[in-house]
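Chain and residue survey
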Amino acid sequence: THSNDKILDYHRKKVLAIVKRFESKYSIVVQQTRTKIEFMNFISRSKVVICPYGFGERIATDQFALLSGAILLKPDCSHMITKPNIYTNDICTFFSPTCNDLKNTITTVMNDLSTYQQKSNKGLKLLLEFDDSSIAQICSNNISDLLLSI
């Protein structure tokens, strides 16, 4: 194990410990997938995706969650400017990097899914508008096809 893995694991394990408290209350499923197909399938069926920090603030799952129509919960990274800039309060629902407000954030989101879904829809629209080569649209269509086949 590399020392960097311990740093990554610390944040992920902290998030996981909090999320597991909600498994029975909100039908939250915590799953580690093994293949790309399993991962895509799992995310595409999710209403809310919590993305802790990876090797940095930004991870590919952030965009995939939005393309799947899921509500994105993320440690605050509004200081980042990306293209397209999905890390705004209009799109993401942020919690503290220390996770001290994650429990409250989950409760708030789960009790008002429709309001937070509107934020996710803004993220999806932004990603689709940004993508000149329409790869985002193809991905979104593939996710829809996958859902219809289940």
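Everything discussed here concerns the structure shown above.
First things first, this report covers the structure right here in the doc. A quick note: this is a predicted structure, and the numbers were derived from the prediction, not measured.

Here the focus is the nonpolar core. Ranked by internal contacts, the top residues of the largest apolar core, which has 20 residues, are Val49, Leu66, Leu72, Ile86 and Tyr87. Those elements that place two or more of their residues in this core are helix 4 (60-67), helix 6 (113-130) and helix 7 (135-149). A total of four residues in this core trace back to one element, the largest contributor, which is helix 4. Apart from residues lying up to four places away in sequence, Leu72 is in contact with Val49, Cys51, Asp62, Ala65, Leu66, Cys92 and Thr93. Grouped together as the second largest cluster of nonpolar side chains are 14 residues, Tyr26, Cys99, Ile106 and Val109 included.

Our next topic: helix 5 (residues 102-110). Of the positions making up helix 5, those classed as buried are Leu102, Thr105, Ile106 and Val109. Buried residues of helix 5, viewed axially, fall in a sector of 100°; they line one side.

This part is about the state of the cysteines. A disulfide bridge is the covalent bond that connects two cysteines by way of their sulfur atoms. Overall, the coordinates contain zero disulfides when judged by the stated rule. Unpaired in terms of disulfides, Cys51 finds its nearest cysteine sulfur in Cys92, a separation of 8.6 Å. Here Cys92 stays free of any disulfide, with the sulfur of Cys77 as its closest cysteine sulfur at 6.0 Å. When its relative accessible area of 1% is taken as the criterion, Cys92 is described as buried.

Bringing the packing of aromatic side chains into the picture now. In the structure shown here, the tally under the stated rule is two aromatic pairs. With centroids separated by 5.8 Å and ring planes inclined at 25°, the aromatic side chains of Phe22 and Tyr26 adopt a geometry described as stacked. On the basis of relative accessibility, which here comes to 16%, the residue Tyr26 falls in the buried class.

Rules and cut-offs
- Residue positions are counted from 1 within each chain, in the order its sequence is given.
- Given that the model is predicted, a residue must reach a pLDDT of at least 70 before its local features are reported, and side-chain atom pairs must reach 80 or more before they are shown or counted; all residues, however, enter totals for whole chains, interfaces and linings.
- In computing side-chain properties, one takes all heavy atoms of the structure into account and sets aside hydrogens as well as water.
- Definition of nonpolar core: a set of buried residues of the types Ala, Val, Leu, Ile, Met, Phe, Trp, Tyr and Cys, connected through side-chain atoms within 4.5 Å.
- Burial classification: accessible surface area is computed with a 1.4 Å probe over protein chains only, and a residue below 20% of its type maximum counts as buried, one above 50% as exposed, and the rest as partly exposed.
- Think of it this way: any DSSP run of H or I at least four residues long counts as a helix, any run of E at least two long counts as a strand, and we number them from the N terminus.
- By the convention used here, residues are in contact when the closest approach between their heavy atoms is within 4.5 Å.
- What the arc measures is the spread of directions leading from the helix axis to the C-beta atoms.
- When two cysteine sulfur atoms are found within 2.5 Å, that pair is recorded as a disulfide.
- Classification of ring pairs rests on two measures: the distance between centres of Phe, Tyr or Trp rings, Trp counted by its six-membered ring, which must be within 6.5 Å, and the angle between planes, read as stacked under 30 degrees, edge-to-face over 60 and tilted in between.

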